[in-house]
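Residue strings, one per chain:
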Amino acid sequence: MSRLFACPILLLGAWQELFARSFQEVPELAAIFKGQGLEGAFVLLDPSKETCCVSNETRAEQRFIPASTFKIANSPIGLDAGAVKDADEVPPYGGKPQRIKAWEQDMNLWDAIKISNVAIYQELARRIGLEKMREGVKKLGCGNKEIGGGGDRLWLVGPSAISPVEQADLSSALSKE
């Protein structure tokens, strides 16, 4: 985690487009989803072997609203944009009642990502601003690279969308820096 917050934004989109891979379907993973009555996908990327172990390859390549996984991109974009000086800075949550009581406090990015604090990440997005967010999403190569006019809700309502495979690519690339 510390490496995530230490890295500047990279031109990851080019890396993702050049990454050749093969998919290995793992039926045991699909059985777990089916056993729970769920439809889903699982992706385990091994960049050193250029392979992905997946359950439901079709769904793994389908884009969805990123929801909480957007915090993985939002953090380095915010740091790169200067929206916070470092991951220890404490942005205010805004003082309004939240869906989860633990979110009703100011906290740094380290603590906010641990509990998926939407209020803190919305404040970070407002500080980043639309133009810098748009630039950061494009530089990182986040899914469809769209943010629309969503500002502090683009990862919750769209138009931002990313596939599980793209999320694995992004996480892998960020972890190398």
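Description of the structure in this document. (Residues numbered from 1 in each chain as written. Predicted model: local features only at pLDDT ≥ 70, side-chain atom pairs only at ≥ 80, totals over all residues. Heavy atoms only, no water.)

Any two packed helices are characterised by the angle at which their axes cross and by the distance between the axes. Remark: helix α5 (residues 71–81) packs on helix α7 (residues 118–128), axes separated minimally by 10 Å, with the N-to-C direction vectors making an angle of 40°. Classified by the interaxial angle, the pair formed by α5 and α7 is oblique. Remark: the crossing between α5 and α7 carries left-handed chirality. Side by side, α5 and α7 meet where Lys-71, Asn-74, Ser-75, Ile-77, Gly-78 and Ala-81 of the first sit next to Val-118, Tyr-121, Leu-124, Ala-125 and Ile-128 of the second. Broken down by class, the residue content of the contact of α5 with α7 amounts to seven nonpolar, three polar and one charged. (Axes fitted to C-alpha atoms, helices over the stretch in contact; angles between N-to-C directions. Helix = DSSP H or I, 4+ residues; strand = E, 2+ residues; numbered from the N terminus. Parallel < 35°, antiparallel > 145°, perpendicular 65-115°, else oblique. Left-handed = near helix turned anticlockwise from the far one by under 90°. Contact = heavy atoms within 4.5 Å. Nonpolar A, V, L, I, M, F, W, Y, C, P; charged D, E, K, R; others polar.)

With that out of the way, let us pick up the sheet that holds strand β2 (residues 42–46). Read from one edge of the open sheet, three strands run β1-β3-β2, paired in mixed fashion. Every other strand in the sheet has two partners, leaving β1 (22–25) and β2 as the edge strands with one partner each. Averaged over neighbouring strand pairs, the angle between their axes works out to 25° when direction is ignored. Note that β1 and strand β3 (residues 51–55) share four bridges and pair parallel. Considered in β3, the bridge of Ser-22 is made with Thr-51. Against the sheet, helix α3 (residues 27–35) contacts β1, β2 and β3, and its axis sits at roughly 30° relative to β3. (Pairing = 2+ DSSP bridges.)

Enumeration according to the criterion identifies one aromatic pair in this entry. Measuring from ring centre to ring centre gives 5.4 Å for Phe-70 and Trp-155, while their planes differ by 5°; the resulting arrangement is stacked. In this pair, Phe-70 sits in the loop between α4 (57–60) and α5 while Trp-155 sits in helix α9 (residues 154–157), placing the two residues 85 residues apart along the sequence. Using a relative accessible area of 4% as the deciding quantity, one classes Phe-70 as buried. The exposure class of Trp-155 is buried, given its relative accessible area of 1%. (Phe/Tyr/Trp six-rings, centres within 6.5 Å; stacked < 30°, edge-to-face > 60°. Buried < 20%, exposed > 50% of the residue type's maximum accessible area, 1.4 Å probe, protein only.)

On to α3. Because the α-helix completes a turn every 3.6 residues, residues three or four places apart line up on one side. The buried fraction of α3 amounts to zero of the nine residues, a small share that puts the element mostly on the outside. Positive backbone phi, at 70°, marks Gly-37, one or two positions downstream of α3.

Within the secondary structure layout, Leu-174 lies in helix α10 (residues 164–175). A sequence separation of 101 residues divides Leu-174 from Ala-73, and the C-alpha atoms of the two residues are 9.1 Å apart.

The next thing to look at is the pairing of β2. The side-chain alternation of β2 yields one buried face, formed by Val-43 and Leu-45, and one unburied face, formed by Phe-42, Leu-44 and Asp-46. Bridge count between β2 and β3: five bridges; the pairing is antiparallel. Across the sheet, Asp-46 pairs through a bridge with Thr-51, a residue of β3. The antiparallel hairpin formed by β2 and β3 contains four residues in its connecting segment, where Glu-50 sits at a positive phi of about 55°.

This next bit is on the pattern of salt bridges. Applying the stated rule across the entire model yields eight salt bridges. As a salt-bridge pair, Arg-63 and Glu-166 come within 2.6 Å of each other at their nearest N and O atoms. Taken together, the positions of Arg-63 in the loop between α4 and α5 and Glu-166 in helix α10 put the pair 103 residues apart, joining distant regions of the chain. Judged by relative accessible area, which is 17%, Glu-166 ranks as buried. The salt bridge involving Lys-101 is made with Glu-104; its shortest N-O contact spans 2.9 Å. Each of the salt bridges in this network shares a partner with another, and the network as a whole consists of Glu-89, Glu-123, Arg-126, Arg-127 and Asp-152. (Salt bridge = Lys/Arg side-chain N within 4 Å of Asp/Glu carboxyl O.)

What follows deals with α5. Of all the eleven residues making up α5, eight are buried; the element is thus mostly covered by neighbouring parts of the structure. All of the buried residues along α5 are Lys-71, Ala-73, Asn-74, Ser-75, Pro-76, Ile-77, Gly-78 and Leu-79. Looking one or two residues beyond α5, the residue adopting positive phi is Gly-82, at roughly 80°.

In short, shape yes, function no, at least from these values alone.
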